[in-house]
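Here is how the chains run, residue by residue.
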Amino acid sequence: MSNTLPLEECSINQIYLDSSDVKTYMIPIYQRNYAWEEDEIRALIKDIHDSFVKDPKAPYYIGTLVTYKRGDTEYEVIDGQQRLTTIYIILKVLGVNNLTNKLTYSARQVSASTIANLDNYPNLGENVDDGIKNGYKYAENACKDYVEDSEQDAFRQYFLNNVHLIRYEVPKDVDLNHYFEVMNSRGEQLEKHEIVKSLLSNCLRNKTERATFSRVWEACSEMDMYIQQCFSDKSVFGNSMDSFTIKDFEGIPKQEGSEGKKSISKFLKGTIDEAEDDTYIERNDKFQPIIDFPNFLLIVLKLTRMSYYGFDPTDFTLDDKELLNEFTEAIKDVEGKTEFAKLFCFNLLKAKYFLDNYVVHHTLSATETVGDNPWKLQYYYKESADRQYPKNLSTDDNDVQKELVHLLSMFEVSFTPKQRKNYLFYCMLFLFKKCKVKDYLEFLQYLADKYFVDVYMNPDNLTDRNQPKPNAFDYAVLRDGKLNVYVFEGTGYRERFEKIYQQGRADIPLFVFNFTDYLIWRKYADEIRGEKTKKDSLSRKEFFNALGCSDFDLNPFNNFYFSRTRKSLEHFYPQAKVGDDKPLTAYDINCFGNFAMIGADANSSGSCWDPRAKLDHYSDSRANQISVASLKFKIMMQMCKDNYNKMLSKELERPDGMQWNKEDMQTHQEKMLDIIFAGKE
């Protein structure tokens, strides 16, 4: 008996017009009436039309259809009846008649009659299913609104041939008794990543391979735990569980699938070759993952495809909306599908090991406090059978550990959306080849410089609003399928910066500010951290002179970390107090020297305060210091404080309220650019 899951990708044409295997899709009495409303139907048609306009050749995945064969030509619809009915209605609206395959309702005559008479809309007979009738009206209006007259024929063909369903035919030996119990507990539709699991599982040759694949998949899907906790095997991770020792899929401990009748529960959870897993998993040392499982799968897929000749990484989309599309294309393009599935499985396990042990994660606590960095970079270590715990990645050099945490968390808070984590892909690509800690630190230093110089300082890679264009990072970081972070393009960086981030504009990206704070911290780390310098020492004076302000102690540097709250662009001199008849204009204050990134709550509450008022409020011990935890902003406030003290002592003559002015902004900007471009000019 075959143990492969009956999975097929079908176009609408194949579902309703394929004459090679005539079918009647029968919706049983236990299914609810057709219930899609106008918003759902309009959203679907708009999404399909948007996909059609974007790329008339690309597939659009509408979801899953699960059927059970009752007779020679009759297929009972056990999941997907709402989508199947909506598709039928849209076909009729588009004028597609004489369908080879039928849709009908068991023991629901009014619904069956209404469906059968849709060609005659609005004359549907005396007894009408109002849900189906209204659905036709909603679909007709949506098509009129979204599809131009000149597009009608092309859109009809796109709908027939490029809108796809993933169809499952439930095997005869599947027990359907628990269907509703399962569906009520997990929702009506299989997740995209579950479909991907089945697609890959089908590429494998036997039950053992599929069970091994399934065990790896399930362990890796636990995104808030170390993989060593979910896949505790010393043949993979060594006796201390702190290394990755295997070389390929064959090195993964083999699993045996269960025998006997498959339940609908196992079927709906993915492959029918589930690994038996009675191992107790200790759920200690949990953390907040920085990426979800579907988007992580895309990173692993991209890693896997990088080893195949002809793959263009700049055409790949790290967005789970494209999950099915990217995996379907990948499987279709490779000749050795079994070897591809094995390589992906091995890479998934390896990438999860590096993600958990070599990339920062956030503690479970949602509260952030000064001096308590919530970002952790730790690997899982087994000291003995009853003593297992995380250890800092760099155990012998705290300076290396702290800079690794700063670099990785800088990338993370700059690219929080789960579909924008290109940096994570580059980290995985590097770690797959070399995982020595100091080499990793050097790579991350260069990667940060590469992002800044060849993306954020390259107008060809930026939009009109100075945001990276699609795949700008790949164009900058990858060359011929390999990392290219140690070579930089062009010269004259300071002039280039001032041309891109012009005076009078407010479109400086978050990464630029985070990179600046990192470089300020690194200047401190390189020059005076650990030197036990006194406040009046020469090295301290030179350091703060380079920052452009007086000494404000070293605690802000020691306690600094990249808070997830800092997302709001702050004008230190506020927009509310500028104008042609005032000391400063909007042109004056829109510059890098007057901006800092702070928490949105701090910005909203203090956006109208003048710099002196902000200084008092943000320095107050009762204020939320995390929301203003920017080293650049701390320097700006100290400059303002210095000016205020000089004004009190009559050393500086300025009007009240001008403790921070245009000249200060320009001075601060020049000081920051000196730090940013040190060694790059």
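Before any of the text, the structure's been laid out above.
Would you mind going over the overall build of the chain with me for this structure?
Counting its regular elements, the chain contains 28 helices and 14 strands. Residue burial in the chain is summarised as follows: out of 681 residues, 55% are buried. Total accessible area computed for the chain in this model is approximately 30,000 Å², and 44% of it derives from carbon and sulfur atoms.

Would you mind showing me how to read the side chain of arginine 654 here?
Mapped onto the elements of the fold, arginine 654 is located in the loop between α27 (631–648) and α28 (662–676). Here the side chain of arginine 654 touches methionine 658 through a polar contact of 3.0 Å, landing on its backbone oxygen. A distance of 2.7 Å separates polar atoms of two side chains, one belonging to arginine 654 and the other to aspartate 664.

What's the story with the packing of aromatic side chains in this structure? I'm lost.
Centre-to-centre distance and the angle between the planes together describe a pair of aromatic rings. All chains considered together, the criterion is met by 58 aromatic pairs. Ring geometry for tyrosine 226 versus tyrosine 380: centroids 5.3 Å apart, planes at 35°, classification tilted. Of the two residues, tyrosine 226 is situated in the loop between α9 (207–220) and α10 (227–230) and tyrosine 380 in strand β9 (residues 378–384); the sequence distance between them amounts to 154 residues. Relative accessible area serves as the criterion here: at 3%, tyrosine 380 is assigned to the buried category. Ring centres 5.0 Å apart and planes at 55° place the aromatic pair phenylalanine 497 and tyrosine 501 in the tilted group. The burial state of phenylalanine 497 is the same as that of tyrosine 501; both residues are buried.

Just to check I follow, could you spell out the nonpolar core for this structure?
Nonpolar side chains tend toward joint burial in soluble globular proteins. Ranked by size, the top nonpolar core spans 163 residues in total, and within it Leu349, Tyr440 and Tyr451 carry the most contacts. The dominant element in this core, judged by the number of residues it contributes, is helix α15 (residues 337–358), at 12 residues. Sequence-distant contacts of tyrosine 440, that is, excluding residues within four places in its chain, are made with Tyr358, Val359, Leu393, Leu404, Leu408, Cys427, Phe430 and Leu431. Residues Ile45, Ile48, Val96 and Tyr136 belong to the second largest nonpolar core, which totals 47 residues.

Please clarify how the pairing of strand β4 (residues 74–79) should be interpreted in this entry.
The side chains of a regular strand alternate between both faces of the sheet. Counted residue by residue, β4 has five buried out of six residues, so it is predominantly covered. Of the pairings in the sheet, the one linking strand β3 (residues 60–69) to β4 comprises four bridges and is antiparallel in character. If you follow valine 66 over to β4, its bridge partner there is aspartate 79.

Mind showing me how you'd approach unusual backbone geometry here?
Among all residues except glycine, the phi angle is most often negative; among peptide bonds, the trans geometry is most common. The omega torsion of the bond from tyrosine 121 to proline 122 falls at 10°, within 30 degrees of zero and hence cis. Along the chain, the position of proline 122 falls in the loop between α4 (109–116) and α5 (130–146). Not every positive phi belongs to a glycine, and asparagine 471 is a case in point at roughly 65°. Positionally, asparagine 471 belongs in the loop between α18 (437–455) and α19 (472–477). Asparagine 471 sits in the partly exposed class, given a relative accessible area of 25%.

Looking at this model, I keep getting lost on the pattern of salt bridges. Mind explaining?
Any two side chains of opposite charge can pair if their charged atoms end up close together. Scanning the model with the defined rule gives 31 salt bridges in all. The residue glutamate 412 makes a salt bridge to lysine 421 at a minimum N-O spacing of 2.7 Å. Both residues of the pair, glutamate 412 and lysine 421, belong to the buried class. Note that arginine 494 and glutamate 670 form a salt bridge whose closest N and O atoms lie 2.9 Å from each other. Taken together, the positions of arginine 494 in helix α20 (residues 493–500) and glutamate 670 in helix α28 put the pair 176 residues apart, joining distant regions of the chain. Residue arginine 494 is classed as buried on the basis of its relative accessible area, which comes to 15%. A relative accessible area of 31% means that glutamate 670 is categorised as partly exposed.

Would you mind showing me how to read the environment of alanine 576 here?
In this fold, alanine 576 is placed in the loop between β13 (566–571) and α24 (586–589). Separated by 33 residues in sequence, alanine 576 and tryptophan 609 place their C-alpha atoms 8.3 Å apart. The contact partners of alanine 576, leaving out residues within four places of it in the chain, are Lys582 and Cys608.

Mind showing me how you'd approach helix α21 (residues 510–527) here?
In an α-helix there are 3.6 residues to a turn, and that puts residues three or four apart on one side. Its 18 residues place the ends of α21 26 Å apart at the C-alpha level, agreeing with the 26 Å of an ideal helix rising 1.5 Å per residue. Counting buried positions along α21 gives 16 out of 18 residues, so the element sits mostly inside the fold.

I'm lost on the environment of alanine 351 in this one. Help?
Here alanine 351 lies in helix α15. Owing to a relative accessible area of 0%, alanine 351 belongs among the buried residues under this scheme. Separated by 54 residues in the primary sequence, alanine 351 and leucine 297 place their C-alpha atoms 9.7 Å from one another. Among all residues touching alanine 351, those that are not within four sequence positions of it are Phe296, Val300, Leu303, Met428 and Phe432.

How should I be thinking about a negative patch on the surface in this particular structure?
Taken together, the side chains of Glu37, Glu38, Asp39 and Glu40 present a region of like negative charge at the surface. Here glutamate 38 lies in helix α2 (residues 38–54). Owing to a relative accessible area of 32%, glutamate 38 belongs among the partly exposed residues under this scheme.

Help me out: how do you make sense of the packing of helix α26 (residues 611–619) against α27 in this one?
Axis angle and axis distance: for two packed helices, these are the angle between their axes and the distance between the axes, and together they describe the pair. Where α26 contacts α27, the axes come no closer than 10 Å and their chain directions differ by 115°. In terms of their interaxial angle, α26 and α27 are classed as roughly perpendicular. Crossing of α26 over α27 shows left-handed handedness. The segment α26 lies against α27, with Pro611, Arg612, Leu615 and Tyr618 engaging Phe633, Met637, Cys640, Lys641 and Tyr644. When grouped by side-chain class, the residues that make up the contact of α26 with α27 number seven nonpolar, no polar and two charged.

So what exactly am I meant to see when it comes to the side chain of asparagine 347 here?
Checked against the element boundaries, asparagine 347 lands in helix α15. Using a relative accessible area of 6% as the deciding quantity, one classes asparagine 347 as buried. With near-sequence residues (within four places) excluded, asparagine 347 lies in contact with Val300, Thr304 and Phe432.

Reading guide: rules and limits
- Residues numbered from 1 in each chain as written.
- Predicted model: local features only at pLDDT ≥ 70, side-chain atom pairs only at ≥ 80, totals over all residues.
- Heavy atoms only, no water.
- Helix = DSSP H or I, 4+ residues; strand = E, 2+ residues; numbered from the N terminus.
- Buried < 20%, exposed > 50% of the residue type's maximum accessible area, 1.4 Å probe, protein only.
- Areas by Shrake-Rupley, 256 points an atom, 1.4 Å probe, with all protein chains shown as cover.
- Polar contact = N/O pair within 3.5 Å; in protein donor to acceptor, adjacent residues only side chain to side chain.
- Phe/Tyr/Trp six-rings, centres within 6.5 Å; stacked < 30°, edge-to-face > 60°.
- Core = buried A, V, L, I, M, F, W, Y, C linked by side-chain atoms within 4.5 Å.
- Contact = heavy atoms within 4.5 Å.
- Pairing = 2+ DSSP bridges.
- Salt bridge = Lys/Arg side-chain N within 4 Å of Asp/Glu carboxyl O.
- Expected span 1.5 Å × (residues − 1).
- Patch = residues over 30% accessible without salt bridge, like charges linked within 9 Å, V, L, I, M, F, W, Y side chains within 5 Å.
- Lys, Arg positive; Asp, Glu negative; His and termini not counted.
- Charge placed at Lys NZ, Arg CZ, Asp CG, Glu CD.
- Axes fitted to C-alpha atoms, helices over the stretch in contact; angles between N-to-C directions.
- Parallel < 35°, antiparallel > 145°, perpendicular 65-115°, else oblique.
- Left-handed = near helix turned anticlockwise from the far one by under 90°.
- Nonpolar A, V, L, I, M, F, W, Y, C, P; charged D, E, K, R; others polar.

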